[in-house]
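Tertiary structure, described
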Amino acid sequence: RQRSAAKYVRGRISTTEDWVFLTRFCFLSEYGRLQFHFKYPEESCCQNILLYFDDVTQWPAVYQTNRMDCYEKESVLRPDNNQVINLTTRYTWSGCEVVEEGQSRYLSCLGGRSFRSVRERWWYIALSKCGGSGLELEYEMKLTNGRSFWTEQFSADEFGILETDITFLVIFILVFLISCFFAYLLKSRLLLHTTYKMFMTAAGVEVLSLVFFCLYWGQYARDGVGNNAVKVLAKLLFSLSFLIFLLMLILLGKGFTVTRGRISHSGSVKLTVYMSLYTITHIILFIYEAEFFDPGQVLYTFESPVGYGLIVLQDVAYTWFS
C-alpha cells in the first residue's frame, strides 16, 4: 500500500515479487533532488533502490514486459550514473545503519541523491531484490525541483499550473462580473433569455472550480501533498461548467432564443440523448482515471479509450453547433 503525490511519497511494500515500481518524477536538469528514508528487517537484506530515466533503453525497456527477469532489469542501469542505491551498511551513500526495535533489528537508510542531466527528464524509482524471497520495505521520499515556491514541490511537467489557474481565475471573475452587469441591463428590458442565464451559470461555476484548483495547488506548493478531495471537487465543477456551456452552444446553434422560442420534439430528444451520453462518458472517464491509469507511465486525462470517446463527442458537438 502507498500514499503518494508527485513530490511526497510514503508507504509500505510487502510482496513476493523481486522487482516493483515505487514512483516517478520529472526533475529539472540542474536542481532535481531526492531525499529518502527506507526501513526494512535486517533478515530481508539486501534490497536495492533502482533509478531509471526515460531513455528508450531504460524505463520503457523494462516496465511491463515479461521478456526480462529481475537481473536483466537491473542490467540496463549504468554504474557510472550511480543509478543503484544498495540499502546496506556496506554502501556508504545509502546512509544505512542497524537499529533495534524491541526484539527486532532493522536497516534504516536515510540519505539523498541529486539529479543532473542535459535536459528535464522523467525518473522512475523501483525496488528490487533479485533471487530473493520477496520484498519488505517501509519508505518515505521527498522529490523536489529547486527552492522556488513555484517549482520546488512540482514535477517539471506541472510547472505553470498554479500561475495559469490564478490568471484564469482573475479573468473569469471579471467575465462573471461583467456578465452580471449586462444581465441587469437585459432584465430591465425583458431580454434576459435562458441561454444568457446558462452562460452566467457556466462562468460562475468555472470561477468556483478555479478557486478550488488554486486552493489545491497552493497547498500542494507548500507541502507537496495537497488535499485530493479539493482537487476532485474542482474537477467536478469544471466538468459541470463545461457541460452547461456545451449545452448552451448547441442550443444557440439550433437557433434557440435567437430565431425560435422552442426546440422541436425530435430536437429535444436528440439533445437529451447526446447530453446524457456525454455526461455518462465524463463520469466513466473520472472513474477510469482514478482506478485504471498506470502511474508507471506518463499518462494524461485523455490518453485512454474513454478519453478518445469524449474527444469524439466534443467534435460531434462542435459540428452540431457549426
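Above this text is the structure in question.
What counts, and at which threshold
Residues numbered from 1 in each chain as written. Predicted model: local features only at pLDDT ≥ 70, side-chain atom pairs only at ≥ 80, totals over all residues. Heavy atoms only, no water. 1 Å grid on protein atoms, 1.4 Å probe; cavity = no way out; pocket = protein on both sides within 12 Å on 5 of 7 lines; lining within 4 Å. Points joined across faces, edges and corners; volume = space filled by probe spheres on them. Helix = DSSP H or I, 4+ residues; strand = E, 2+ residues; numbered from the N terminus. Nonpolar A, V, L, I, M, F, W, Y, C, P; charged D, E, K, R; others polar. Phe/Tyr/Trp six-rings, centres within 6.5 Å; stacked < 30°, edge-to-face > 60°. Buried < 20%, exposed > 50% of the residue type's maximum accessible area, 1.4 Å probe, protein only. Lys NZ or Arg CZ within 6 Å of the ring centre and 35° of its normal. Pairing = 2+ DSSP bridges. Polar contact = N/O pair within 3.5 Å; in protein donor to acceptor, adjacent residues only side chain to side chain. Contact = heavy atoms within 4.5 Å. Axes fitted to C-alpha atoms, helices over the stretch in contact; angles between N-to-C directions. Disulfide = S-S within 2.5 Å.

**Brief notes about the layout of surface pockets**
Looking at the second largest pocket, its volume works out to about 200 Å³. Contributing elements (two or more residues each) for the lining of the second largest pocket: β4 (32-41) and β10 (135-145). For the lining of the second largest pocket, the residue count by class is one nonpolar, six polar and five charged.

**Some thoughts on the packing of aromatic side chains**
Following the criterion strictly, the structure yields 23 aromatic pairs and no others. Between F27 and F115, the ring centres sit 4.2 Å apart and the planes meet at 10°, which makes this aromatic pair stacked. Remark: F115 occurs in strand β8 (residues 104-115) and F27 occurs in strand β3 (residues 19-27); sequence separation between them is 88 residues. Per residue, the accessibility class of F27 equals that of F115, and both read buried. Taken together, the aromatic side chains of W19, F21, Y52, W59, Y63, W122 and Y124 make up a single cluster linked through ring pairs. Over the ring of Y106 we find K39, and its NZ or CZ is 4.8 Å from the ring centre.

**Here's the deal with the pairing of strand β6 (residues 84-87)**
Covered by surrounding structure in β6 are I85 and L87 only, the residues V84 and N86 on the alternate face being uncovered. Where strand β5 (residues 47-53) and β6 come together, four bridges link them in antiparallel fashion. Note that in β6 the partner of Q47 across the bridge is L87.

**What about the environment of V175?**
Mapped onto the elements of the fold, V175 is located in helix α3 (residues 161-188). For V175 and R105, which are 70 residues apart along the polypeptide, the C-alpha to C-alpha distance reads 63 Å.

**Details of the side chain of K39**
Within the secondary structure layout, K39 lies in strand β4. Classification of K39 by relative accessible area gives buried; the value is 17%. Of note is the side chain of K39, whose polar atom sits 2.5 Å from the side chain of E101. Apart from residues lying up to four places away in sequence, K39 is in contact with E101, Y106, L107, S108, L137 and E138.

**As for the sheet that holds β3**
Within the open sheet, the four strands sit side by side as β3-β9-β5-β6. Their pairing is antiparallel. Every other strand in the sheet has two partners, leaving β3 and β6 as the edge strands with one partner each. The sheet shows a mean angle of 20° between the axes of neighbouring strands, taken without regard to direction. Pairing of β5 with strand β9 (residues 121-128) involves six bridges; the strand directions are antiparallel. Within the sheet, the bridge partner assigned to L50 lies in β9 and is A126.

**Structural notes on the state of the cysteines**
The final tally for this structure, using the stated rule, is three disulfides. A sulfur-sulfur distance of 1.9 Å marks the disulfide that ties C96 to C109. Classification of the bridge connecting C96 and C109 rests on its S-S torsion, roughly 100°, and on that basis the disulfide is right-handed. In this pair, C96 sits in strand β7 (residues 96-101) while C109 sits in strand β8, placing the two residues 13 residues apart along the sequence. On the basis of relative accessibility, which here comes to 12%, the residue C96 falls in the buried class. Residue classification places C109 among the buried residues on the basis of a relative accessible area of 0%.

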